[in-house]
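Commentary on secondary and tertiary structure
Here is what each chain is made of, one letter per residue.
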Amino acid sequence: TGFPVPGVVISGVGHPASIAFDASGALWVSDSRAGTVVKYASTQLTTSGSPAPALSLGATWTFLPNPSGIAFDAEGTLWMAGSQQNEIVGFTSETLARAGKKVPDVVLALAQSFFLVSAGLSFDGDGNLWIMGGAGTIAKLDQSQLAASGSPVPSVQLRLSGQALCWNMAFWPRPAGLSF
């Protein structure tokens, strides 16, 4: 209750659209305005300040110019949704660890008729990817649909009536084996 004071404040992160934690405790932040996703190592999160990101993705990429939702699966793949296009991209932990330009390992194109804006991502306990659309749409891609690039048809599609803007979602309790 009241006004709790944060123990640590990280500033200079731009305009965060979404955050996710990987298995090592690193904080990842998407900024749809700057077109970047940055990583702060867990050691950078112990004291307040404006640390330089340990890794920065974007700004020069031609795909996914406005990253919004981000989430990690149980294998450590970083998944990103684009707020201005209907794509979900995945970068394996091996790709993220390599030096140089990052190219997604998996690119999934979603039907525009269902998603006006892809916003948030969340994994359930079975490894299925749930996608929150900005206009109140929710869809599920089964774990098997995430293995290769393509245009998968969601196994579940829901519409929330009366919702003008939805941005993110999460499962609680947290599914075992996933980082948040």
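To be clear, the structure that these remarks concern was listed above.
Here the structure is a predicted model, which means the values were calculated and not measured.

Quick notes on the rules
- Residues numbered from 1 in each chain as written.
- Predicted model: local features only at pLDDT ≥ 70, side-chain atom pairs only at ≥ 80, totals over all residues.
- Heavy atoms only, no water.
- Core = buried A, V, L, I, M, F, W, Y, C linked by side-chain atoms within 4.5 Å.
- Buried < 20%, exposed > 50% of the residue type's maximum accessible area, 1.4 Å probe, protein only.
- Helix = DSSP H or I, 4+ residues; strand = E, 2+ residues; numbered from the N terminus.
- Contact = heavy atoms within 4.5 Å.
- Polar contact = N/O pair within 3.5 Å; in protein donor to acceptor, adjacent residues only side chain to side chain.
- Salt bridge = Lys/Arg side-chain N within 4 Å of Asp/Glu carboxyl O.
- Phe/Tyr/Trp six-rings, centres within 6.5 Å; stacked < 30°, edge-to-face > 60°.
- Pairing = 2+ DSSP bridges.
- Axes fitted to C-alpha atoms, helices over the stretch in contact; angles between N-to-C directions.

Notes on the nonpolar core
Counting residues in hydrophobic clusters, the biggest one holds 13 residues, and the most contacted among them are Trp79, Ile88, Leu121 and Leu129. Elements supplying a minimum of two residues to this core: strand 6 (78–82), strand 8 (106–109), strand 9 (118–123) and strand 10 (129–133). For Ile88, the residues in contact, after removing those within four places along its chain, are Trp79, Met80, Ala81, Val106, Val107, Leu108, Leu110, Leu121, Leu129 and Ile131. Among the nonpolar cores identified, the runner-up in size contains 12 residues, and Trp28, Ile70, Phe72 and Met80 belong to it.

A look at the side chain of Ser30
Relative to the helices and strands, Ser30 resides in strand 2 (residues 27–31). A residue is classified by how much of its surface remains accessible, and Ser30, at 0% relative accessible area, is buried. In terms of polar contacts, Ser30 uses its side chain to reach the backbone carbonyl oxygen of Ser68, at 2.4 Å. Apart from residues no more than four positions distant in its own chain, Ser30 is found in contact with His15, Pro16, Ala17, Ser18, Thr36, Val37, Pro67, Ser68 and Ile70.

Looking at the pattern of salt bridges
Here the structure, examined in full by the defined rule, presents 1 salt bridge. Its salt-bridge partner being Asp142, residue Lys140 comes within 3.6 Å of it at the nearest N-O pair.

Some words on the packing of aromatic side chains
Aromatic rings in a pair are described by how distant their centres are and how their planes are angled relative to each other. Counted according to the given criterion, the structure contains 1 aromatic pair. Relative to Phe72, the ring of Trp28 has its centre 5.5 Å away and its plane inclined at 65°; by these criteria the two rings are edge-to-face. Residue Trp28 is located in strand 2, and its partner Phe72 is located in strand 5 (residues 67–72); the two are separated by 44 residues in the primary sequence. Judged by its relative accessible area of 5%, Phe72 is buried.

Considerations on the sheet that holds strand 2
Read across the sheet, 4 strands follow the order 1-2-3-4 without closing on themselves; strand pairing throughout is antiparallel. Here the strands that pair on one side only, and so sit at the sheet edges, are strand 1 (16–21) and strand 4 (55–58). Between one strand and the next, the sheet's axes are offset by a mean angle of 15°, whatever the strand orientation. Here strand 3 (residues 36–40) runs beside strand 4; their pairing, made up of 4 bridges, is antiparallel. Bridge pairing links Val38 to Ser56 in strand 4.

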